[in-house]
Amino acid sequence: MTITPESVQQLLSSSDLGDRLSGVNQLRKLPPAIAFELIQAPIKDSNSRVRYAAVSQMATLGEQNLETSYQVLHYHLLNDPEIDVQAAAADALGALKLKDAFDDLQNLYNTTPEWLVKLSIVAAVGVIEEPRAFELLETALQDDNSLIQTVAISALGELGDRRAVSLLVPFVTNSDWQIRYRVAQALGRLGGSEVEMSLKQLAEDEVEIVAQEAKVKV
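Our subject in this report is the structure included herewith.

Calculation rules
Residues numbered from 1 in each chain as written. Predicted model: local features only at pLDDT ≥ 70, side-chain atom pairs only at ≥ 80, totals over all residues. Heavy atoms only, no water. Helix = DSSP H or I, 4+ residues; strand = E, 2+ residues; numbered from the N terminus. Buried < 20%, exposed > 50% of the residue type's maximum accessible area, 1.4 Å probe, protein only. Contact = heavy atoms within 4.5 Å. Areas by Shrake-Rupley, 256 points an atom, 1.4 Å probe, with all protein chains shown as cover. Lys, Arg positive; Asp, Glu negative; His and termini not counted. Charge placed at Lys NZ, Arg CZ, Asp CG, Glu CD. Core = buried A, V, L, I, M, F, W, Y, C linked by side-chain atoms within 4.5 Å. Salt bridge = Lys/Arg side-chain N within 4 Å of Asp/Glu carboxyl O. Phe/Tyr/Trp six-rings, centres within 6.5 Å; stacked < 30°, edge-to-face > 60°. Lys NZ or Arg CZ within 6 Å of the ring centre and 35° of its normal. Polar contact = N/O pair within 3.5 Å; in protein donor to acceptor, adjacent residues only side chain to side chain.

For the rest of this paragraph, the subject is the overall build of the protein chain. When its secondary structure is counted, the protein chain shows 14 helices and zero strands. If you list the helices and strands of the protein chain from N to C, you get α-α-α-α-α-α-α-α-α-α-α-α-α-α. Projected onto its principal axes, the C-alpha coordinates of the protein chain cover approximately 60 × 40 × 25 Å. Across the 218 residues of the protein chain, 50% fall into the buried class. The long-range fraction of contacts in the protein chain, counting pairs at least 24 apart against all pairs at least 6 apart in sequence, stands at 60%. Taken as a whole, the protein chain presents about 10,800 Å² of accessible surface, with 48% of it coming from carbon and sulfur. Placing the 18 positive and 31 negative side-chain charges of the protein chain at their respective mean positions leaves the two points 3 Å apart.

Structure follows, in structure tokens:
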């Protein structure tokens, strides 16, 4: 079956949920410029699964028009009734490095009770290259959710602010090996003489993947 803009448009306009989901998936087969135009309809779909699938694709398709992408994703970040869609919007804003979204990402992190949204926001601000993200990530490190902590550690490494070194060193002895692994990665990215002792300690870790990651960085 040949996939064309017309055939995808027909699926996206269908009253059948399965057709609309299939249409969103088939957008990946079309030229990005055409897919970007067509995806604007399912992003507003009444069904949250369709909206989630569409918003998730904006992480790549959004490059076609960053201004429109910002407006669309900003709306769903703050107003979508479904947590999964909010989280996908945060992911896409980060992937597109839309710095103008930082204030709203930060405000939502501080007000939402939803851990999944917080997790996506932490991941997003790590790659959005906004220096003000340091304070948010410092807060995220203290979260009771270990997944949020883990992503915050990686995000601090990506951010590249050397103030993170003193925040990360206490996690070298964390009981969760996945956290220790992310610490090894983050300290390796940050570099500097003050991380050498911590990396040498991690290079002796009982979990091989942690030790190997630290040895590469030492």
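This is not the end of the story, as more comes after the structure.
Glancing now at the nonpolar core. By size, the foremost hydrophobic cluster in this structure holds 71 residues, and its most contacted members are L105, I121 and V122. With residues up to four places along the chain from it excluded, the contact list for I121 reads A90, L105, L108, Y109 and L136.

This part is about the pattern of salt bridges. Using the criterion set out here, one finds nine salt bridges in the structure. Measuring nitrogen to oxygen at the nearest pair gives 3.2 Å for the salt bridge that ties R132 to E130. The buried category is assigned to E130, whose relative accessible area is 11%. One salt-bridge network, held together by shared partners, links D103, E130 and R132.

Turning next to the packing of aromatic side chains. Describing an aromatic ring pair means giving the distance of the ring centres and the angle of the ring planes. Evaluation of the coordinates by the stated rule reveals zero aromatic pairs. Stacked on the ring of F134, the Lys or Arg R163 has its end atom at 4.0 Å from the ring centre.

Once that is clear, we can look at the side chain of H76. Following the sequence through the fold, H76 ends up in helix α5 (residues 66–79). Since its relative accessible area comes to 5%, H76 is described here as buried. Only 2.9 Å separates the side chain of H76 from the side chain of D80, close enough to count as a polar contact. The residues contacting H76, other than those within four sequence positions of it, are I43, R51, V55, V85, Q86 and A89.

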